[in-house]
Amino acid sequence: MNSETPAPSPALVSKMPTVGTTIFTVMSALAAEKGAVNLGQGFPDFGCDPALLQAVSDAMQQGHNQYPPMPGIPALREAMAAKIAALHGRSYRPTDEITITAGATQAIITIILAVVHPGDEVIVLEPCYDSYVPNIELAGGTVVRVPLTPGTFRPDFDKIAAAITPRTRAILINSPHNPSATIWTQQDMLRLQEILQPTKVLLISDEVYEHMVFDGQQHQSAARFAGLAARAFIVSSFGKTYHVTGWKIGTVAAPAALMAEFRKVHQFNVFTVNTPMQHGLDQYMLHPAPYLELPAFYQRKRDLFRTGLAQTRFKLLPSEGSYFQCVDIAAVSNLNEADFCKWLTTEVGVAAIPLSAFYGNAFDQRVVRFCFAKKDETLHTALARLAKL
Ligand code: PMP
Ligand code: GLN
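Conventions we followed
Residues numbered from 1 in each chain as written. Chains lettered and ligands numbered in written order. Predicted model: local features only at pLDDT ≥ 70, side-chain atom pairs only at ≥ 80, totals over all residues. Heavy atoms only, no water. Near = heavy atom within 4 Å. Polar contact = N/O pair within 3.5 Å; in protein donor to acceptor, adjacent residues only side chain to side chain. Areas by Shrake-Rupley, 256 points an atom, 1.4 Å probe, with all protein chains shown as cover. Nonpolar A, V, L, I, M, F, W, Y, C, P; charged D, E, K, R; others polar. Salt bridge = Lys/Arg side-chain N within 4 Å of Asp/Glu carboxyl O. Helix = DSSP H or I, 4+ residues; strand = E, 2+ residues; numbered from the N terminus. Buried < 20%, exposed > 50% of the residue type's maximum accessible area, 1.4 Å probe, protein only.

## Overview of the site of ligand 2
Phe24, Gln41, Gly42, Tyr129, Asn178, Tyr209, Lys240, Phe324 and Arg369 make up every residue found near ligand 2. In this structure, an oxygen atom belonging to ligand 2 sits 2.7 Å away from a side-chain N or O atom of Gln41. Within the side chain of Tyr129, an N or O atom sits 3.2 Å from a nitrogen atom of ligand 2. With the chains in place, 82% of the 300 Å² that ligand 2 exposes on its own is no longer accessible. Of the residues contributing to the shell around ligand 2, the split by class is four nonpolar, three polar and two charged.

## Focus: the pattern of salt bridges
On inspection of all chains with the given rule, the structure shows 14 salt bridges. Ionic pairing is found between Asp215 and Arg302, a salt bridge with its closest N-O pair at 2.9 Å. Of this pair, Asp215 sits in the loop between strand 6 (202-206) and helix 8 (226-229) while Arg302 sits in helix 13 (residues 294-309), and the two are 87 residues apart along the sequence. For Asp376, the salt bridge is made with Arg300, and the minimal N-O distance between the two is 3.0 Å. Placement of the pair is Asp376 in helix 15 (residues 376-387) and Arg300 in helix 13, with a sequence separation of 76 residues. For Asp376, a relative accessible area of 24% corresponds to the partly exposed category. Given a relative accessible area of 44%, Arg300 falls into the partly exposed group. Because the salt bridges share partners, they merge into one network encompassing Arg93, Asp96 and Glu97.

## A word on the site of ligand 1
Every residue close to ligand 1 is listed here: Gly103, Ala104, Thr105, Tyr129, Asn174, Asn178, Asp206, Val208, Tyr209, Ser237, Lys240 and Lys248. Between ligand 1 and Thr105 there is a distance of 2.5 Å, counted from an oxygen atom to a side-chain nitrogen or oxygen. A distance of 2.6 Å is found between an oxygen atom of ligand 1 and a side-chain nitrogen or oxygen belonging to Lys248. Here ligand 1 has 390 Å² of accessible area as a free molecule, and 93% of this is covered by the chains. The greatest single-element share of the shell around ligand 1, amounting to three residues, is contributed by helix 4 (residues 103-115). Considered class by class, the residues forming the shell around ligand 1 number four nonpolar, five polar and three charged.

Here it is as structure tokens:
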């Protein structure tokens, strides 16, 4: 142990002066401290398919432990390309149009750093996932916030069209949507395509919940629309699809010219992504059943959770996709969303996320988000506690 008094570190000028710790980390820490059921941060509390663990373990034992190629192992890129072609009818070349990333989070910041120049405008639709705005700001871009329609969270295309200027570089969309659990219809995608058609605006389509779409609806990937696909970076996450959020592995698909710029940044951002997971996922993807069965798997949990919530004084909002369920708290409490979530975690023993965390101005509409990617017993425990409200 060195007994010297530590020398002071040089003072920093923060690059992100208004940014604190993400709400997901804050609420999970509070849930752990209070022993609450954590329906806040979005992650499954159940394990993944043992066959996937076996495939990754086999890959490690077989010696797949050194750097893979910079864009990811060819076999996994081929498997992704085959999946997109089968589901959405568009072919991406595995060689230069698909890259394996360290989760969707790294994919999104890398896309933004690759395409946004200082002073460029980037449109986000609020409420939005909490990494988008800081990512745009780090790239020196100007964030242009367009609200989704209050109450329904539907895109307002007149507002989107009005927000486009000669300086608009990109628009970020997310369907199925975190936090509102709404999905974009084919009509929505066609309307966006029409609006973007005369422009050079790029599309960043965050599709991490692509396999969690309920009631027989179809996920409308940007890949299905020629005019969108030509300008789109499409982001997926194996973490969401295969119940392994901690593995931090995903993909980006984009036309070659866009992907070339993406890879210039990616190679100096992470260079590449852990090898054994890539080999394991490649083997596991030979079978489409796990992602084809995901809608039914999560729809059953959604319905179980909604049936329970219907017995409480919360007002249920629709949950069309994702693994989230939003509720209106007005009949239950007078607190604002953030205070309500802290109170619910501390006093009732169930953690939730305030929707205000997904807005730049902390807009409060008395709605909070629960995650139902949990064991049935976890959902039952939470529901029993919520029923007392
Ligand atoms: N986008 C959205 C909308 C998300 O909900 C998440 C989940 N954390 C991510 C991106 C990041 O995904 P990943 O864990 O693969 O980085
Ligand atoms: N996407 C997850 C959510 O919305 C959490 C991801 C994270 O913790 N950063 O809850």
